[in-house]
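Okay, here's what each chain looks like letter by letter:
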Amino acid sequence: MSDCTFVILGATGDLAKRKLMPALAKLIKDEKVKNYAIIGAANSDISDEQFQERFNNAVLGLDKDLFPLMRPRIFYQRIGFDDLESFNILGSKIAEIEKRFALSGNRIVYVAAPSLYYCPITQCLAMSKIVQRDQSGDAPWQRIVYEKPFGVDQQSARDINHCIATWFDENQIYRVDHYLTKELVSSIVLVRFTNIIFEPLWNSNYIDYVEIILSETLGLEGRGRYYDSYGVLRDVVQNHAMQLLSLIAMELPVKLSAEGIQDQKTEVLKNVRVEEGFLGQYEDYHNEPDVAPNSQTPTFSCLKMAVETPRWRGVPFYIKAGKKLDRKDTSIHIKFKNVDCTLKESCVYESDYLTIQIEPNATFSLQLNTKLPGTLYGVAPVQLTFNHDYVFRSATPESYEILLEQIMAGEQSVSVRFDEIEYAWAVIDSIKNMNLPLYNYKQLSSGPDELKDFARNNKMRWRV
Ligand code: BG6
């Protein structure tokens, strides 16, 4: 694996601490990158030593012998996200560090800052030459990673995309969604298209509905200011849920490649329409730090969507997402239709499910009907389950670690292409005009009571 200089913009923030620092340490521990330097940059005025200490605290518990080896390769530089002069200083510091460690200039710049700054940051990276467009010949590769949420609506995402395209080529750009590197999410396309048993059934003739659940027990975790201005729709539905939906609903790509898959996901996102929905907010949300006292920000949503393509005509896609719910459950349920029952007496109306349990416990399971032992015609549902960690004898790696590894390898399938993002925003923008009701729900419950009938009538796996 080649060498790499990692630059984190927004290095004193929550994402750097919770996800990026542990992922970098794990990459280094696993020797996925041998020669490296890590340079954090943000607004805060802290020293290299103070930043190293923050890094150390973020990776405590990983491997106590590792950090002392990493420490001399970790640096910090204060920058203003729209201050070119400070980027020039950062650029000189990076060049000096690369020289010192004989690094070739391969760079990943991870932008973990509010998307309001994405355009000024992009301009500053280009003008300070921290990232160069020319990737030809022997030039080192240089890539920029933008965290989600990418914009706040379709127009702002478009503006950022336009700005990026002025300075860089699309193949240098990664708009990340860490869900795409979750092991079971990245297997959806392969499972669907390499097993002949699924494809003939994967359509409105055989599928009754699809349910996508992103249920979290966690609350705001100190991110009140961010969350209160985004809410559940823009925090996880626009990106994670829409990506899951597009992987389930897409057509066979012309080629099994990043571009082939992105083309087909885009076609799905173009054709999604929200038909119905409910929003919720957990009790005492107003008392969270940095949340406005009369905030109307939803922390829960339950949406019924239609994918208006011939394959999915009439099949509802239900998306449930929320914080402070009763369980951590990230899963997709494909509910097959009932058989046209000729064996009337033993007809079972709870028909088959394919469940992709992303977290916790990565599993694929198929619920089938079998004969109930001790009876002649009694029917009982059973589960055929593939447990990822058990079969492959390895814990699924943390998604940010895979993400960084794939970006180093230049793999674009972990990136959400500019047009996918814009169409996914259009879906969320359309919800604004629906004036959906906002219900309260108890913390650590399964959501607002007002949804009981909706969930029951639609036979949703998740029932209030
Ligand atoms: C992030 C959201 O993108 O995804 C968080 O900003 C959310 O609010 C998180 O908690 C959920 O990710 P995961 O991997 O824990 O399911």
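In what follows, the accompanying structure is described. Just so we're clear, the structure is a prediction, and the values are computed from it rather than from any experiment.

**Looking at the state of the cysteines**
Point 1. One pass over the structure, following the stated rule, counts one disulfide.
Point 2. Shown here is the disulfide that connects cysteine 119 with cysteine 163, its sulfur atoms set 2.1 Å apart. Between cysteine 119 and cysteine 163, the S-S torsion sits near 85 degrees, and that sign places the bridge as right-handed. With a gap of 44 residues between them, cysteine 119 in helix H5 (residues 118-127) and cysteine 163 in helix H6 (residues 154-167) connect regions that are remote in the sequence.
Point 3. Left without a disulfide partner, cysteine 124 is nearest to the cysteine sulfur of cysteine 119, which lies 9.4 Å away.

**A short note on the side chain of glutamate 420**
Point 1. Mapped onto the fold, glutamate 420 is located in helix H13 (residues 418-432).
Point 2. Glutamate 420 sits in the buried class, given a relative accessible area of 0%.
Point 3. Here glutamate 420 is in contact with Gln243, Gln262, Lys265, Thr266, Leu269 and Ser415, once residues within four sequence places are set aside.

**Looking at the pattern of salt bridges**
Point 1. Here the structure, examined in full by the defined rule, presents 30 salt bridges.
Point 2. Note that arginine 311 is salt-bridged to glutamate 199, the shortest N-O span being 2.7 Å. Of this pair, arginine 311 sits in the loop between strand S9 (300-307) and strand S10 (316-322) while glutamate 199 sits in the loop between helix H8 (188-194) and strand S7 (207-215), placing them 112 residues apart in sequence.
Point 3. Among the charged side chains, a salt-bridge network with shared partners connects Asp14, Arg18, Lys148, Arg223 and Asp235.

**Describing a nonpolar patch on the surface**
Point 1. Taken together, the side chains of Tyr390, Val391 and Phe392 present a nonpolar region at the surface, about 350 Å² in accessible area.
Point 2. Examined against the element boundaries, tyrosine 390 turns out to sit in helix H11 (residues 388-392).
Point 3. We classify tyrosine 390 as exposed; its relative accessible area is 56%.

**Overview of the site of the ligand**
Point 1. Taken together, the residues surrounding the ligand are Lys148, His178, Tyr179, Lys182, Glu216, Arg223, Asp235, Val236, His240, Lys323, Lys328 and Glu359.
Point 2. Take lysine 323: an N or O atom from its side chain is 2.8 Å from an oxygen atom of the ligand.
Point 3. Among the elements that make up the shell around the ligand, the one with the highest residue count is helix H9 (residues 224-249) (three residues).
Point 4. When grouped by side-chain class, the residues that make up the shell around the ligand number two nonpolar, two polar and eight charged.

**Considerations on the sheet that holds strand S1 (residues 4-9)**
Point 1. Pairing is parallel in the open sheet, where six strands are placed in the order S3-S2-S1-S4-S5-S6. Bordering the open sheet on either side are strand S3 (74-78) and strand S6 (173-175), each of which pairs with just one other strand. Going across the sheet, the axis of each strand differs from the next one's by a mean of 20 degrees, ignoring polarity.
Point 2. Judged from the six bridges that link them, S1 and strand S2 (residues 36-42) form a sheet pairing that is parallel. When the bridges of S2 are listed, leucine 9 appears paired with alanine 41.
Point 3. On the sheet, helix H12 (residues 399-408) packs against S1, strand S4 (107-111), strand S5 (142-146) and S6 and is oriented at approximately 135 degrees with respect to S4.

What counts as what
Here the residue numbering is sequential within each chain, running from 1 through the sequence in written order. Confidence filtering applies because this is a predicted model: local features only for residues at pLDDT of at least 70, side-chain atom pairs given and counted only at 80 or more, and all residues used for totals across whole chains, interfaces and linings. Side-chain numbers come from the whole structure's heavy atoms, not from hydrogens or water. The disulfide criterion is simple: two cysteine sulfur atoms within 2.5 Å. Runs of H or I in DSSP of at least four residues are treated as helices and runs of E of at least two as strands, each being numbered from the N terminus. Only protein chains enter the calculation, and the probe is 1.4 Å; a residue is then buried if its accessible area is under 20% of its type maximum, exposed if over 50%, and partly exposed in between. Two residues form a contact once any of their heavy atoms are found within 4.5 Å. For this document, the term salt bridge refers to a Lys or Arg side-chain nitrogen within 4 Å of an Asp or Glu carboxyl oxygen. Each patch is built from salt-bridge-free residues with over 30% relative accessible area, joining like charges within 9 Å and nonpolar side chains (Val, Leu, Ile, Met, Phe, Trp, Tyr) within 5 Å. Methods summary: accessible areas were calculated by the Shrake-Rupley approach with a probe of 1.4 Å, and residue burial reflects only the protein chains presented. Throughout, near means a residue has at least one heavy atom within 4 Å of the molecule or strand. Polar contact is the term for a pair of N or O atoms within 3.5 Å; when the atoms are in protein, one must be able to donate a hydrogen and the other to accept it, and sequence-neighboring residues count only if both atoms are side-chain atoms. Classes in brief: Ala, Val, Leu, Ile, Met, Phe, Trp, Tyr, Cys and Pro nonpolar; Asp, Glu, Lys and Arg charged; the others, Gly included, polar. Strand pairing follows a simple DSSP-based rule, namely that at least 2 bridges must link the two strands. Geometry is summarised by axes, namely lines fitted to C-alpha atoms with helices restricted to the contacting stretch, and by angles between N-to-C directions that run from 0 to 180 degrees.

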